[in-house]
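Notes for the structure review
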Amino acid sequence: MKIRALTLFPKMFDCINESILGRAIKNGILDFDAVDIRSFSKDKHQKCDDTPYGGGAGMVMTAQPIYDCINAVDPNHEYLRIYMSPKGERLSDGLCRELAINQNILLLCGHYEGVDQRVLDLCIDREVSIGDYVLSGGELAAMVVIDGVSRFVEGVLGSAVSHEDESFSDGLLEYPQYTRPPEFMGLKVPEVLLNGNHKEIDKFRRQKSAELTAERRPDLIKPDGEPR
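Residues numbered from 1 in each chain as written. Predicted model: local features only at pLDDT ≥ 70, side-chain atom pairs only at ≥ 80, totals over all residues. Heavy atoms only, no water.

**Here we look at the nonpolar core**
In this structure, F13 and L107 are the most contacted members of the largest nonpolar core, which totals 31 residues. Of all the secondary structure elements, the ones that give two or more residues to this core are β1 (2-7), α1 (19-26), β2 (31-36), β5 (80-90), α3 (93-99), β6 (104-109) and α5 (139-150). With six residues, the single largest contributor to this core is α5. In this structure, L107 is in contact with I3, R4, A5, L6, I82, M84, A142, V145 and I146, ignoring residues within four places of it in sequence. Formed by 18 residues, the second largest nonpolar core is a distinct cluster that contains V35, C69, V119 and I124. (Core = buried A, V, L, I, M, F, W, Y, C linked by side-chain atoms within 4.5 Å. Buried < 20%, exposed > 50% of the residue type's maximum accessible area, 1.4 Å probe, protein only. Helix = DSSP H or I, 4+ residues; strand = E, 2+ residues; numbered from the N terminus. Contact = heavy atoms within 4.5 Å.)

Given below as structure tokens:
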């Protein structure tokens, strides 16, 4: 999968080269690059923002540098072009799975008070939000999307089934996890996890997932008790 992040601050994406994503990039499973929008500005000072028409606080990213940057990176519109925006559709496990089907993803990171609407109308396919709050820029949100989507790309995770047992994979929150030692600070691992009976282990984990979901995310449970 090819992923391109268009940003005024490409160094913010240095952390992508660490941990699981870094290994996937090193192994050629992911092809990632952070592209500096500022280098496409036609202003002699590489300015990329201006005051908003109609007044208001803050600055707005101008259309020209973004438009030229997008068309330089993706001249034939081979990428799914996503703008990170609090006005976009909410990121979810299901949306990550859907986005992972694409071979090429372009993420536009806004800053200041946002970007000129015209470049969104001309160039962007979808808008995505990671939650009902506002960040100073789209870079952190883009990193969340990259991490969430990449987990569903074959070969990124060490195990092909790793993501199938995580929270939201079956509509429920993930069950508690334990490892050695069997007792720590007076707290013991539940006996059922030590007896090797996988049928009982699966039953225990499903029960704990249902309990946690009902307690912490009741919105995920239908009136009949089943996941939505």
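**Observations regarding the pairing of β1**
Walk down a regular strand and you will see the side chains alternate between the two sheet faces. By the criterion of burial, β1 is predominantly enclosed, with five of the six residues buried. Across six bridges, the pairing between β1 and β2 is parallel. Each residue of the ladder has a partner; that of T7, found in β2, is D36. For the segment spanning β1, α1 and β2, crossover handedness is right-handed. Sheet topology places β1 next to β6; five bridges connect them, and they run parallel. Residue pairing in the sheet places K2 in a bridge with N104 of β6. (Pairing = 2+ DSSP bridges. Right-handed = clockwise from strand over helix to strand, strands pointing away.)

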